[in-house]
Structure formats: C-alpha cells, structure tokens
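# Report on the structure
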Amino acid sequence: RAAGIGGMAGGQMLDLAAEGRFEAKRTMSQPEIAKLQAMKTGALIRFACRAGAYTAIAASLTGGEIFMRKDILDVLDLFRKKGYACGYLTTNGTIISEERAEALADLAAKGFLKHISVSVDGPRELHDAARGLKGTFERTCAGLKRLQDAARRKHAPLRVSINTTVAHESLE
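Quick caveat, the model's predicted, so the values are computed rather than measured.

Looking only at helices and strands, the chain has 7 helices and 4 strands in total. Ordering the α and β elements of the chain from the N terminus gives α-α-β-α-β-α-β-α-α-β-α. Taken across its 172 residues, the chain has 38% of its residues classed as buried. Considering only contacts within the chain whose residues lie at least 6 apart along the sequence, 74% involve residues at least 24 apart. On the chain, roughly 9900 Å² of surface is accessible, and the fraction owed to carbon and sulfur atoms is 57%.

Take a look at the structure:
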C-alpha cells in the first residue's frame, strides 16, 4: 500500500502539486491527503525499523519540499532514536519557522543532522520567477537566517549551505 500512486509515489505528486509543479487530475479531499501522508510515514518507519537490523544508515532527505510533511520532525527524531544520522536534507527554506529551526538545531547538537541545503535559484527576481511566486526569495532568505541563528545559539555543528542550478540567466 505504501508504494505506487496510493503511497510514496502519490505523495511525491502531492508534494509537487503543493509547490505548483504538477497539476493533479483531480482534487484530493483532506482525509485522502491525510491517509496518503500517513502511508508515506508508515513506509519510512517500516524501512527504518527493517534497515536498522542490518546496518548503520545515514539518511539524506530531499523532496519536493520535505517540510510540507507536518510530521517530518517526528520522522527525523525516529531516525535519530534508531541510531541513524542524517547526512543532509534539502529544503526551499520558505516554511522554516523559528520552531522548526530550533528543532533542527537541536537535532544537529545531538549529532544527528549534519547539513541543510537551501535552494536558491538566483537573485530575487529570477528566484521568484523560477518559483512562480513573488516574495519567495524573501521567505527563503528568512528561513535560511533562522537556521543559521538557531545553530549559532545552540552551538550546533550544523552546516547550512545554498544550492542552485547554474543557468545562463543566473550568471548575469
């Protein structure tokens, strides 16, 4: 149940639709979305439990936007409790609240989270155009600053970097 359109693949489509990068053929109801997210989380937890029996794992999380998941901090904490490490996670930074930044810095201070990469497509106008929403650049920068400030306050060894796609437009 956790694979295919009703599980993780469907969840990726849901993440893309939420970012405006995929147009769903039909609108999903709130209960359908909640069920899909629960199936994705269940698949991650089952994998974590099974894989932990075989080897030490370093997970790296990318998206869509992983912070679209309301339970992502619970998932990260479960991985930490299982003894895994998170090599890096990638985010667009727009929904990194103060609370999330503090929680991520705590995970870094505990030795679990090593690196967060924030996607920036270029200068303000180019970034907003690429993301399809005016003001996205400012929200990304604010999330980036929250992460850096929280890591400093907690003396957490968290690397925060910017990733970008090099394109002709971004080099001007």
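Strand order in the open sheet formed by 4 strands is E1-E2-E3-E4, and the pairing between neighbours is parallel. The open sheet has two edge strands with one neighbour each: strand E1 (58–61) and strand E4 (159–163). Neighbouring strand axes in the sheet, compared pairwise and without regard to direction, differ in orientation by 15° on average. Strand direction decides the pairing type here: strand E3 (residues 115–119) and E4, joined by 5 bridges, are parallel. Bridging from a neighbouring strand, Ser117 pairs with Ser161 of E4. Strands in contact with helix H6 (residues 136–153) are E3 and E4; relative to E3, the strand with the most contacts, it is inclined by about 165°.

Next up on the list: the pairing of E1. Taking every second residue as pointing to the same face, the buried face of E1 carries Ala59 and Leu61, while none of Ala58 and Ser60 on the other face is buried. Note that E1 and strand E2 (residues 85–91) share 4 bridges and pair parallel. What sits directly across from Leu61, in E2, is Leu89. Each parallel crossover has a hand, and the one from E1 via helix H3 (residues 72–81) to E2 is right-handed.

What follows concerns H6. The end-to-end C-alpha distance of H6, which contains 18 residues, comes to 26 Å, matching closely the 26 Å that a straight helix rising 1.5 Å per residue would cover. Listing the buried residues of H6 in full gives Thr136, Phe137, Thr140, Gly143, Leu144, Leu147, Ala150 and Ala151. Across the axial projection of H6, the buried residues extend over an arc of 165°, all falling on one side. Directly beyond the C-terminal end of H6, a positive phi value near 50° is found at His155.

It is worth spelling out the pattern of salt bridges at this point. For the coordinates displayed, the defined rule picks out 11 salt bridges. Taking the shortest distance from any N to any O, the salt bridge between Arg124 and Glu138 comes out at 2.3 Å. Here the residue Arg124 occupies a position in helix H5 (residues 124–131), and Glu138 occupies one in helix H6, the gap between them amounting to 14 residues. You can call Arg124 partly exposed: its relative accessible area is 40%. A single network of salt bridges, built from pairs that share partners, joins Glu98, Glu102, Asp106, Arg153 and Lys154.

The rules behind these values
- Residues numbered from 1 in each chain as written.
- Predicted model: local features only at pLDDT ≥ 70, side-chain atom pairs only at ≥ 80, totals over all residues.
- Heavy atoms only, no water.
- Helix = DSSP H or I, 4+ residues; strand = E, 2+ residues; numbered from the N terminus.
- Buried < 20%, exposed > 50% of the residue type's maximum accessible area, 1.4 Å probe, protein only.
- Contact = heavy atoms within 4.5 Å.
- Areas by Shrake-Rupley, 256 points an atom, 1.4 Å probe, with all protein chains shown as cover.
- Pairing = 2+ DSSP bridges.
- Axes fitted to C-alpha atoms, helices over the stretch in contact; angles between N-to-C directions.
- Right-handed = clockwise from strand over helix to strand, strands pointing away.
- Expected span 1.5 Å × (residues − 1).
- Arc of directions from axis to C-beta.
- Salt bridge = Lys/Arg side-chain N within 4 Å of Asp/Glu carboxyl O.

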